[in-house]
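Here's the letter readout for the chains.
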Amino acid sequence: MSYKKLGDYIQQVNNRNRNLQVDTLLGVSITKKLIPSIANTVGTDMSTYKIIEKGQFAYGTITSRNGDKISIALADEYDKALVSQIYIVFEVIDKNELLPEYLMMWFSRPEFDRYARYHSHGSTRESFDWEDLCEVELPVPSIEKQREIVAQYQVVENKIKVNEQICEQLEVTAQTLYKQWFVDFEFPNEEGQPYKSSGGEMVFNEELEKEIPEGWEVKSLGEVTDKTSSGSTPSRDDMSYWTNGKIPWLKTGELNDKIVVNSEEKITTKALKETSVKLIPKDSLLIAMYGEGKTKGSVGYLKFEATTNQACCALISSNVQIINFLYYAMKANKDEILKNAIGGAQPNLSKKIVDEFRLLIPQKEILDKFDMNKYILFQESILKQNQKLTQLQSLLLSRLATLEGQNI
């Protein structure tokens, strides 16, 4: 089977929102998903926006500011939605010849991103235009074979989504329990009854200007952990620090207020010996001191030994119960710690600010009862499973290019 030109199978769609019948506005992310737009549309003429229907595609032609990705996505959640005029909307001409889901699998391959970036052109802004997209060649097996391939891929994709939903629910449950115990002070007393509403002893704390359970104290993060530490970035110009690296190295964007089970990049033993990066032990807490968007102030629970860049501050303690508590406490108090950020247009946190940030710390026996390790370990196992499933997805995508010669 020879490769076929994509232009023989797709056509542009230019359906505008003339009657203002659609109001859901989406954008195309570099993760190849249609996501709710955050653009301010107050006073905007929405009649000029393009309508995209389920089974159709949208893509942005500009590639020069997208890193190594091309923004392209298949509409699979909304029957109808809007996208900006800057996007090209297109569809498969005959779905009995080419499945949109199969085509989206082809677009999801990293090789396609590299192809699109290589074939982009322009001086000020490089783009991968409609004509370039139509020149893409891909294997188009029988529709039965396409359905089989898509079904295999979707089984894996759906399992990943289910696992993500489980983790989200576990997180909601844990945060609810944290609030009940450490905000509402309704942790179980010796008789198993809610502490505050059962008449538990409360004392007024001047620093917090409110009543707290007797025996609880306000302490800094530096006081309740063994130490805090920040990382660094080995020189990108010295490839001996990066090539075939085995030591995980994390950036702030990988924290995302979640349990961290892997890293996108790795450094070499030479980098660890010759630069100022530090090895952070497993079961440490990482806080993003600066970063774009919602990254700053985000928290990551480190479940493996790793190094970090200079924007991460690590809270290290041999007491796992303290780390478990701080993981939820820091997420609940994210806005409070960000109030301490310093600087000009983009105020940032610092290791000193993190170290001196003060929290209400329960008594040891209450922390021991707050057994969140089961939630964390369960999420860790699910996230590791998703890591393997994602690797399987990549394998399925890579096999698309080897369809020629198979029984199709």
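Residues numbered from 1 in each chain as written. Predicted model: local features only at pLDDT ≥ 70, side-chain atom pairs only at ≥ 80, totals over all residues. Heavy atoms only, no water.

Observations concerning the packing of helix α7 (residues 320–332) against helix α11 (residues 373–398)
So, step 1. As a packed pair, α7 and α11 sit with axes 10 Å apart at the nearest point and diverge in direction by 75°. By the angle between their axes, α7 is roughly perpendicular relative to α11. Here α7 contributes Val320, Asn324, Tyr327 and Tyr328 to the contact with α11, which in turn contributes Asn373, Tyr375, Ile376 and Gln379.
So, step 2. Broken down by class, the residue content of the contact of α7 with α11 amounts to five nonpolar, three polar and no charged. (Axes fitted to C-alpha atoms, helices over the stretch in contact; angles between N-to-C directions. Helix = DSSP H or I, 4+ residues; strand = E, 2+ residues; numbered from the N terminus. Parallel < 35°, antiparallel > 145°, perpendicular 65-115°, else oblique. Contact = heavy atoms within 4.5 Å. Nonpolar A, V, L, I, M, F, W, Y, C, P; charged D, E, K, R; others polar.)

Observations regarding the nonpolar core
So, step 1. One finds Leu326, Tyr328 and Met330 to be the most contacted residues of the largest nonpolar core, which totals 48 residues.
So, step 2. Take this core: its biggest share by element is eight residues, from α7.
So, step 3. In terms of nonpolar packing, the next biggest core, distinct from the first, is built from 39 residues, Phe57, Ile88, Ile143 and Ile149 among them. (Core = buried A, V, L, I, M, F, W, Y, C linked by side-chain atoms within 4.5 Å. Buried < 20%, exposed > 50% of the residue type's maximum accessible area, 1.4 Å probe, protein only.)

As for the packing of aromatic side chains
Geometrically, a pair of aromatic rings is defined through the distance of the ring centres and the angle of the planes.
So, step 1. Under the counting rule described, the total for this entry stands at 23 aromatic pairs.
So, step 2. Ring geometry for Phe90 and Phe107: centres 6.3 Å apart, planes at 85°, overall edge-to-face. One end of the pair, Phe90, is in strand β9 (residues 87–92); the other, Phe107, is in helix α1 (residues 100–107), and 17 residues separate them in sequence.
So, step 3. Overall, Phe90 belongs to the buried group, its relative accessible area being 0%. (Phe/Tyr/Trp six-rings, centres within 6.5 Å; stacked < 30°, edge-to-face > 60°.)

Overview of the pattern of salt bridges
So, step 1. Taken as a whole and judged by the stated rule, the model has 26 salt bridges.
So, step 2. A salt bridge links Glu126 to Arg117; the nearest nitrogen and oxygen atoms lie 2.5 Å apart.
So, step 3. For Arg117, a relative accessible area of 27% corresponds to the partly exposed category.
So, step 4. Linking Lys282 and Asp283 is a salt bridge whose minimum nitrogen-to-oxygen distance equals 3.6 Å.
So, step 5. Look at Lys282 and you get partly exposed, because its relative accessible area is 44%. (Salt bridge = Lys/Arg side-chain N within 4 Å of Asp/Glu carboxyl O.)

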